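Fold and geometry: a report
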4 protein chains.
Amino acid sequence: MANKVKIGVLGAGRIGRLHITNLVQSVPAAEVVAVADPFLNDDTIAFLQGLGIVNYSKEPQDIFSNPEIDAVFVCTSTDAHAEMIRRAAEAGKHVFCEKPIHTDLDKIREAIAATEKAGVKLQVGFVRRFDHNHKKVHDVVASGRLGAPHLVKVCSRDPDHQPMSYIETSGGIFLDMTIHDFDMVRYLSGSEVTEVCAYGAALSGEGYDKYGDVDTAIIMLKFENGALGVIDNSRASHYGYDQRTEVHCDKGCVQVSNDLDDQAMISTREGVEISKPTWFFLERYNNAFIQEAKDFTDAILHDTAVPVGAKDGLMPVAIAKAAAKSFQEGRPVKLSEILN
Amino acid sequence: MANKVKIGVLGAGRIGRLHITNLVQSVPAAEVVAVADPFLNDDTIAFLQGLGIVNYSKEPQDIFSNPEIDAVFVCTSTDAHAEMIRRAAEAGKHVFCEKPIHTDLDKIREAIAATEKAGVKLQVGFVRRFDHNHKKVHDVVASGRLGAPHLVKVCSRDPDHQPMSYIETSGGIFLDMTIHDFDMVRYLSGSEVTEVCAYGAALSGEGYDKYGDVDTAIIMLKFENGALGVIDNSRASHYGYDQRTEVHCDKGCVQVSNDLDDQAMISTREGVEISKPTWFFLERYNNAFIQEAKDFTDAILHDTAVPVGAKDGLMPVAIAKAAAKSFQEGRPVKLSEILN
Amino acid sequence: MANKVKIGVLGAGRIGRLHITNLVQSVPAAEVVAVADPFLNDDTIAFLQGLGIVNYSKEPQDIFSNPEIDAVFVCTSTDAHAEMIRRAAEAGKHVFCEKPIHTDLDKIREAIAATEKAGVKLQVGFVRRFDHNHKKVHDVVASGRLGAPHLVKVCSRDPDHQPMSYIETSGGIFLDMTIHDFDMVRYLSGSEVTEVCAYGAALSGEGYDKYGDVDTAIIMLKFENGALGVIDNSRASHYGYDQRTEVHCDKGCVQVSNDLDDQAMISTREGVEISKPTWFFLERYNNAFIQEAKDFTDAILHDTAVPVGAKDGLMPVAIAKAAAKSFQEGRPVKLSEILN
Amino acid sequence: MANKVKIGVLGAGRIGRLHITNLVQSVPAAEVVAVADPFLNDDTIAFLQGLGIVNYSKEPQDIFSNPEIDAVFVCTSTDAHAEMIRRAAEAGKHVFCEKPIHTDLDKIREAIAATEKAGVKLQVGFVRRFDHNHKKVHDVVASGRLGAPHLVKVCSRDPDHQPMSYIETSGGIFLDMTIHDFDMVRYLSGSEVTEVCAYGAALSGEGYDKYGDVDTAIIMLKFENGALGVIDNSRASHYGYDQRTEVHCDKGCVQVSNDLDDQAMISTREGVEISKPTWFFLERYNNAFIQEAKDFTDAILHDTAVPVGAKDGLMPVAIAKAAAKSFQEGRPVKLSEILN
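Presented here is a report on the structure given in the accompanying data block. Computed from a predicted structure; not experimentally measured. (Residues numbered from 1 in each chain as written. Chains lettered and ligands numbered in written order. Predicted model: local features only at pLDDT ≥ 70, side-chain atom pairs only at ≥ 80, totals over all residues. Heavy atoms only, no water.)

**Considering the interface of chain D and chain B**
Interface size is often expressed as the accessible area that is lost when the parts come together. Formally: Here, residues are in contact when the closest pair of their heavy atoms is within 4.5 Å. Buried surface area refers to the total accessible area, computed with a probe of radius 1.4 Å, that the two partners give up upon joining, counted for both partners together. For this analysis, a salt bridge means a side-chain nitrogen from Lys or Arg found within 4 Å of a carboxyl oxygen belonging to Asp or Glu. Each polar contact in these results corresponds to two N or O atoms within 3.5 Å; when the atoms are within protein, one needs to be able to donate a hydrogen and the other to accept it, and residues that are neighboring in sequence are counted only if both atoms are side-chain atoms.
Tallying the contact residues gives 27 residues for chain D and 27 residues for chain B. The contact between chain D and chain B buries some 2,100 Å² in all, and 44% of this surface belongs to carbon and sulfur atoms. If you sort the residues of chain D by the area they bury against chain B, Gln25, Gln263 and Ile266 of chain D come out on top, with a joint share of 26%. For the interface between chain D and chain B, the tally reads 4 salt bridges. Here Asp262 of chain B and Lys136 of chain D are joined by a salt bridge, their closest N and O atoms 3.2 Å apart. For the pair chain D and chain B, the interface holds 18 residue pairs in polar contact (both at pLDDT 80 or more).

Next comes the structure, spelled out in structure tokens:
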């Protein structure tokens, strides 16, 4: 294969543009040869032309049928992900798909089966694995220097409320927000989740309860390797994107605090002020988005395993479904209830 | 009343000696006039004489029948606490009692009833409320400046394993260790616990499972005010006494990290080293032990409410029992199941 | 003017390549149309082609005589900077020049005069002003919220020794290394230096003294506004690029610590380990290099003042000469001794 | 010798009461048998009686002639220190003397000579050596693990201005305030100061310049072992007692930041707030005052060397005089100019 991966991008909304920009500017092994977006408009075209991309259309099929394209980035609306994966696979393209693949486990399995049948790679966009902080926790645990993991902790809070119009169709906090944390605990523990128990509450007065949803949640987890875990979530920290992880092991603990805007400390008679955490995922995970794209192109160029594969696309959805069921039924739910 | 509270101490073991030393050296409003310890020996006598205490015996009754004594510190073995409270109350003495009052709720209620009938004060030794860090979290939450509490988090890990001989009779992690954290979440949330769900595991290989006990636990909690909480415990951090608390509220978050041995940072080619958390409760809560004794004597001298009262002695035991039941039965347990 | 600044780059060594990469990948308002490097070789050509740059030569004149080019980046060896500025100015090109312009004050003045005569902009590459940390200190001081500055402190230590071959021709620590800190104290204090007193020592055993140079230095400074300052330097921290600044003002203090590789803390029985500062200027000031280039192109496009101008190119060299004189003569030296 | 050191205290002002309280409550090996204070009044008597001290007078001679007394704490006004040391020595008492012994070097030498002639111990109250933070820096440097010291840095700022009535007779910032830092750099470097160069300025508008004094100072130092040092001072930090030390060595750096009131972090939309440094020396060095007294009594009981001896009493005064001379004459001053 050549030294560049030729990429077609499906979807040029917020996350699609993020990937397109990164691929063009920061991933030397990538070349964006075409973009398809059913909502293509003048604004999108100006954006693409500004990056030197001249091949665009409203029709995904233009990507699939382009023989020059090696790989596809699926950045469409979530409900189209699984179908796009299947069609890309059938066209012989490798696939990078934003999370989640689908909210229906069977649809996920079908999409995965299509990539396996076609022999193409499938990477799922759990971007936090590529963050320098969480990766450090993972690497220390995986190195074994602290012994077996006992407690896996994730604190994950968005900076501010989403519009209720978004919440209405979001699928609920566990599928929409905690899903990243479910991926994170699998990544950090190096083990599969076997059971969850979820508490949730709508405390903000924003109206999450109108949609059967919550703004605050805590989820306990059990892992195959015996470790226990806990995730706490809030839809609105107000102070920034609070993303802390910690693993307490047999011989000690590794934990990471947040990246801050800067390292300043201002001391006066009134008090001492330090800087806030970076505001949201664009600020916090900017380098991680670049890194996941680099790793994807590397895996294609060297025909090695992708860092976040098919099972990583399936399991967090299953865990989210178990958490939602646990919350609704007020009891612990085993993953086996969901997966079988 | 005079400007000193005259105190008799029951029990001169580790915790008794700690209180005696503090009362003598650091609590100006206290005067230790007598000590009774059934295991009184030459070593104890030397300790007491070194502090200028010349009135000691093996007989608690010597304390109760001493008309000079205003108040009693109950520092005996746990199973005698409730009886000592009752006898002290019947003798008209105010009582400071180490935690827990008893592991049987009815015995606790009887002890409390005795103090109420006698009109004497009862303070329970949940010392962490007097720690400058946890108190700061409490005070910020109680001030209302952050709005209502949403998430209450306690991380509480002992530095090292206790001998299995201790574990055998400890009553289990929830009653022995987490009980302090159950008090803490009530203190920080300003609300009562209504339900708990506990996960536990024996992961250290030290043999906790032989006694039906665990070395690692996570407990989720619901509060009357709607907030959710979580506690994580380990019997052995290895790096020191890990005691962190955090409350995420409607408008922001307050959290405290550990006190460290010192503020040093050593930077070399090999890495950057900071100092460890203070090792255990004697180091971490030394000032807090002094403060709780000062507050107790102040409450007596000015006839004001004690800062940690009868209900504070009862509820953590009830929560611990609910947690133990949850762990054993694999389901959330409401406090109403325990209290009625 | 168009919405892109067309740029020619002089010099494609380490710093030249850094600027070329940033201009191509991260500065949307810049277009690198040509590069000239007298040492142009196959490796350089491959680098340029990889970035899509096809116009390159060994001859600076090719840049100056190219009518398409709006602005020039001077990234040649230091001794050619002043001449390149003059020739660029005479060709009517705006100039971005790496620091220092020259080690001879008259040569600097001549270069500046050429740009003034030609009416072109001159920006000098004091990149640290664009670092998020130092900029925060500057902004807080400049806002006036802390009152007038009293103490300006800069700690600046390189991670490791340079080869002695480099030291031999470096011009000495004050001109080679501290020059950045002399710019920083002017930037942070908002005032001009009037006097310096320098201590230096060769303590590492690496042989700096063979060249009349030192590896360790402290420089005190006085400012026109009455503030005092101090810089401490080491050629080898061993733990990374130690770049801390602090300004103590009439009402309080603002200080910044180092960016670290990540926010991890690893706690074990042996101790607590945090991550090291980023290793050197490429890691620490990567975003700052991008920002200074963006600000340069913005100043051209909108015909506004450059953020680091001609006087900023002259004064740090004068201060460095005063410091060197102070070190050699063992006495404080006024800037007026150097500038007149 | 017995297992208690019998102590007479001269002076029961602020610092005298501090020592008396510590000796009574926190130094088991000490027994305060008498106190003499020429300004003895009812308030002082009430204070002493509250601590169980019944032997007091206005006459220092009552202390010197008391055969029961082993050692004397000199807590009088500074100008009487040297004479009190001499008289105590002639009476055969060991001496703990608050700093400085005197502002005249010959008077210091005479006082020291008297203790040497009498064969009694003399400890000087440079209390910061007993602070857990600074001691850690010292111990790491002294251990040799970081190699030879290159840079010794002390930041020392009082929280707030003293009354001008105090400044008028204080002897100036170098003798009054920086003297502690001159002790600190000797302690941390393990070497003697050979030269200083001082900058100072009156920037606060409080009127220090009316008394020829300054509120802001920076002092560079050279040490016998080749290391360089720098101290920065402010009379008013406004945010607390800023006491940071740092030693950069051949293989790395050890530094300490301030103790804070607590470990809280409060995060809201408006910003992130941490707690202030402890306010002043009573809060910051409380444990250090106790430790220096313990070490003094230990040295007497075991007839070992005191931790801060005669030379430690002399040298900081000499350095302060050199710094004052440097400030006045605008040039570096060698210690040999002062000491000979």
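Next comes the rest of the account.
**Thoughts on the relation of the copies chain B and chain A**
Selection rule: Copies are brought into register by a least-squares superposition over C-alpha atoms of residues with pLDDT of at least 70 in both.
In the superposition of chain B on chain A (RMSD 0.0 Å, axial shift 0.0 Å), the rotation amounts to 180°. Taken together, the rotation and translation relating the two chain copies correspond to the operation of a two-fold axis. Measuring from the rotation axis to each C-alpha of chain B, the shortest distance belongs to Arg331 of chain B, at 2.9 Å. Mapped onto chain A, 100% of the interface residues of chain B are again interface residues, and the two copies thus contact each other with one and the same surface.

**Some points on the pattern of salt bridges**
All names here are of chain A. As a reminder of what qualifies: Runs of E in the DSSP output that reach at least two residues are strands. Runs of H or I that reach at least four are helices, and both are numbered from the N terminus.
Applying the stated criterion across every chain yields a total of 123 salt bridges over all chains. Between Arg87 and Glu83 there is a salt bridge, with the nearest N and O atoms lying 3.6 Å from each other. Taken as a pair, Arg87 and Glu83 lie in helix α4 (residues 81-90) at a separation of 4 residues, close to a single helical turn. Connected through salt bridges with shared partners, the residues Arg129, Asp183, Arg186, Glu192, Lys311 and Asp312 form a single ionic network.

**Some thoughts on unusual backbone geometry**
For the bond running from Lys99 of chain A to Pro100 of chain A, omega is -15°, close enough to zero to count as cis. For Pro100 of chain A, the location among the structural elements is in the loop between β5 (94-97) and α5 (105-118). The phi dihedral of His238 of chain B falls on the positive side, at around 80°, and the residue is not glycine. If you trace the backbone, His238 of chain B turns up in the loop between β10 (228-234) and β11 (242-249).

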